[in-house]
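# Inside the fold
Listed below are the residues making up each chain.
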Amino acid sequence: MGHADGMHEVGEFYRNGIVVEKNIDIAFEWYLKSAITEQNTTDEKAEFFHWIPYDKFENIEEIGKGAFSTVFKTNYLNRYGSHENVAIKIVKGSNKNKEPFLKEVFFLNN
Ligand SMILES: Nc1ncnc2c1ncn2[C@@H]1O[C@H](COP(=O)(O)OP(=O)(O)OP(=O)(O)O)[C@@H](O)[C@H]1O
């Protein structure tokens, strides 16, 4: 298990209240640490959070708004050097409160 895996695992423990007391903010901090650690490795894992520098997104255009978020389309230069059209979703208030952000991430992944 690499460092990023371990950090991701600690995040899972805090999100689910396994061994430690459930704490979404601390879970988020561990997911963030794992994403930053993993960014320059070739060890990309589907279930992970990834850190993507803002300059990898070109031509960002707003395409929709919901009650809880704003959605943009962008051309993303991925770590393999290919361009992909992707959607970016900015969840309102997620700078302050991590819970809605993590809920949305796990909802979109399931
Ligand atoms: N992957 C996507 N590709 C294209 N457009 C999208 C995508 N995701 C969302 N949109 C657009 O953005 C709008 C807002 O997204 P969404 O409905 O998910 O927002 P929300 O605030 O999370 O939810 P809601 O207001 O429905 O509770 C959608 O109505 C749709 O037009």
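Residues numbered from 1 in each chain as written. Predicted model: local features only at pLDDT ≥ 70, side-chain atom pairs only at ≥ 80, totals over all residues. Heavy atoms only, no water.

### What about the packing of helix α1 (residues 3–16) against helix α2 (residues 24–38)?
Viewed as axis vectors pointing N to C, α1 and α2 meet at an angle of 165 degrees, and their least axial separation amounts to 8 Å. One finds that α1 runs roughly antiparallel with respect to α2. You can see that α1 and α2 cross each other, and the crossing is left-handed. Facing α1, whose interface residues are H3, A4, M7, H8, V10, G11, E12, Y14 and R15, α2 presents I24, I26, A27, W30, Y31, K33, S34, T37 and E38. Classifying every residue of the contact of α1 with α2 by side-chain character gives nine nonpolar, five polar and four charged. (Axes fitted to C-alpha atoms, helices over the stretch in contact; angles between N-to-C directions. Helix = DSSP H or I, 4+ residues; strand = E, 2+ residues; numbered from the N terminus. Parallel < 35°, antiparallel > 145°, perpendicular 65-115°, else oblique. Left-handed = near helix turned anticlockwise from the far one by under 90°. Contact = heavy atoms within 4.5 Å. Nonpolar A, V, L, I, M, F, W, Y, C, P; charged D, E, K, R; others polar.)

### Description of a nonpolar patch on the surface
A surface patch of nonpolar side chains, about 280 Å² in accessible area, is lined by F13, I18 and V19. Examined against the element boundaries, F13 turns out to sit in helix α1. (Patch = residues over 30% accessible without salt bridge, like charges linked within 9 Å, V, L, I, M, F, W, Y side chains within 5 Å. Areas by Shrake-Rupley, 256 points an atom, 1.4 Å probe, with all protein chains shown as cover. Salt bridge = Lys/Arg side-chain N within 4 Å of Asp/Glu carboxyl O.)

### Observations concerning the pattern of salt bridges
Enumeration over the complete set of coordinates arrives at four salt bridges. Its salt-bridge partner being E12, residue R15 comes within 3.5 Å of it at the nearest N-O pair. Taken together, the positions of R15 and E12, both in helix α1 and three residues apart, correspond to about one turn of that helix. The salt bridge involving K89 is made with E104; its shortest N-O contact spans 2.7 Å. Of this pair, K89 sits in strand β3 (residues 83–91) while E104 sits in helix α3 (residues 98–109), and the two are 15 residues apart along the sequence.

### Examining the side chain of S34
Relative to the assigned elements, S34 resides in helix α2. The residues contacting S34, other than those within four sequence positions of it, are A4, M7, H8 and F48.

### A word on the site of the ligand
Looking at the ligand, the residues that line it are I63, G64, K65, G66, A67, F68, S69, V71, A87 and K89. The fraction of the free accessible surface of the ligand (620 Å²) that becomes covered by protein chains is 47%. Every element with two or more residues in the shell around the ligand is listed here: β1 (57–65), β2 (69–77) and β3. If you tally residues by element for the shell around the ligand, the top one is β1, at three residues. (Near = heavy atom within 4 Å.)

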